Amino acid sequence: MKTLFMLLGAVALVLGLVGIFVPLLPTTPFLLLAAALWVRSSPRLYGWLVSHRRLGPYIRQFREHRAIPLRAKVISVVLLWATLLYCIVAVVDRLWWAQLLLLAVAVEVTWHILSFATLRR
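Right, let's walk through the structure included here.

Cut-offs applied
- Residues numbered from 1 in each chain as written.
- Predicted model: local features only at pLDDT ≥ 70, side-chain atom pairs only at ≥ 80, totals over all residues.
- Heavy atoms only, no water.
- Helix = DSSP H or I, 4+ residues; strand = E, 2+ residues; numbered from the N terminus.
- Buried < 20%, exposed > 50% of the residue type's maximum accessible area, 1.4 Å probe, protein only.
- Contact = heavy atoms within 4.5 Å.
- Areas by Shrake-Rupley, 256 points an atom, 1.4 Å probe, with all protein chains shown as cover.
- Core = buried A, V, L, I, M, F, W, Y, C linked by side-chain atoms within 4.5 Å.
- Phe/Tyr/Trp six-rings, centres within 6.5 Å; stacked < 30°, edge-to-face > 60°.
- Axes fitted to C-alpha atoms, helices over the stretch in contact; angles between N-to-C directions.
- Parallel < 35°, antiparallel > 145°, perpendicular 65-115°, else oblique.
- Lys, Arg positive; Asp, Glu negative; His and termini not counted.
- Salt bridge = Lys/Arg side-chain N within 4 Å of Asp/Glu carboxyl O.
- Nonpolar A, V, L, I, M, F, W, Y, C, P; charged D, E, K, R; others polar.

Considering the overall build of the protein chain
So, step 1. Within the protein chain, the secondary structure is distributed over six helices and two strands.
So, step 2. Its C-alpha atoms give the protein chain principal-axis dimensions of about 50 × 35 × 20 Å.
So, step 3. Taking all 121 residues of the protein chain together, 33% fall into the buried category.
So, step 4. Sequence-distant contacts, at least 24 apart, represent 59% of the contacts inside the protein chain between residues at least 6 apart.
So, step 5. In the structure as shown, the protein chain presents an accessible area of about 8100 Å², 70% of it carried by carbon and sulfur atoms.

Here's what the structure looks like:
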């Protein structure tokens, strides 16, 4: 089981890293999943992740405060809407049902992001 948890943690970490650049793929939940899997399988990997200079703050801040920094919220929502509006206008321009679906996804993901408290520094 430890090996499986370590592998799943690595997959979650990769998805979290991809999520930094892809608006619809969340970063923090995958990093939290990687941390949860590694705390049960590899204290060394867990320690590395939570002490990482760039990734560690995501986990620590969310775990301690259940909040997202304002900058991360703004960047996430802006990138989300820019990407989905481009897709609505340029990619699925003749498929009204796909446009509505993408619009609904944008609204729901925005609501989800904004539903978390804002971390004040």
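So much for the structure itself; the text now carries on.
Quick word on the nonpolar core
So, step 1. Core analysis: the largest hydrophobic core is formed by 12 residues, namely Ala12, Leu13, Leu31, Ala34, Ala35, Trp38, Leu45, Tyr46, Leu49, Val50, Leu55 and Ile59.
So, step 2. Elements that contribute at least two residues to this core include exactly α1 (2-21), α2 (28-41) and α3 (43-51).
So, step 3. Setting aside chain neighbours within four positions, we find Leu31 in contact with Leu13, Leu49, Leu55, Tyr58 and Ile59.
So, step 4. Grouped together as the second largest cluster of nonpolar side chains are seven residues, Leu80, Ile88, Ala98 and Leu102 included.

Quick word on the packing of aromatic side chains
So, step 1. Tallied over the entire structure, the rule returns one aromatic pair.
So, step 2. Where Phe62 meets Phe116, the ring centres are 5.2 Å apart and the plane angle is 70°; that geometry is what we call edge-to-face. Of this pair, Phe62 sits in helix α4 (residues 56-65) while Phe116 sits in the loop between α6 (96-115) and β2 (117-119), placing them 54 residues apart in sequence.
So, step 3. Under the relative-accessibility criterion, Phe62 is labelled buried at 10%.
So, step 4. Given the relative accessible area of 17%, Phe116 is considered buried.

What to know about the packing of helix α5 (residues 70-91) against α6
So, step 1. Viewed as axis vectors pointing N to C, α5 and α6 meet at an angle of 180°, and their least axial separation amounts to 10 Å. Classified by the interaxial angle, the pair formed by α5 and α6 is roughly antiparallel. On the side of α5, the interface is formed by Lys73, Ser76, Val77, Leu80, Trp81, Leu84, Cys87 and Ile88, while α6 contributes Gln99, Leu102, Leu103, Val105, Ala106, Val107, Val109, Thr110, Ile113 and Leu114.

What to know about the side chain of Lys73
So, step 1. For Lys73, the position within the fold is in helix α5.
So, step 2. The buried charged residue Lys73 lacks any salt bridge partner; its closest oppositely charged side chain belongs to Glu108, at an N-O distance of 15 Å.
So, step 3. Each residue touching Lys73, except ones within four places of it in the same chain, is listed here: Ile68, Ile113, Leu114, Phe116, Ala117 and Thr118.

Some details on the side chain of Thr27
So, step 1. If you trace the backbone, Thr27 turns up in the loop between α1 and α2.
So, step 2. Excluding its chain neighbours within four sequence positions, the residues that come into contact with Thr27 are Gly16, Gly19, Ile20 and Tyr58.

Here we look at the packing of α2 against α4
So, step 1. It is the contact of α2 with α4, at a shortest axis distance of 9 Å, that shows an interaxial angle of 90°. With respect to α4, the axis of α2 lies roughly perpendicular. In this structure, α2 uses Thr28, Leu31, Leu32 and Ala35 to contact α4, whose residues at the interface are Tyr58, Ile59 and Phe62.
So, step 2. Looking at the contact of α2 with α4 residue by residue, the class counts come to six nonpolar, one polar and no charged.

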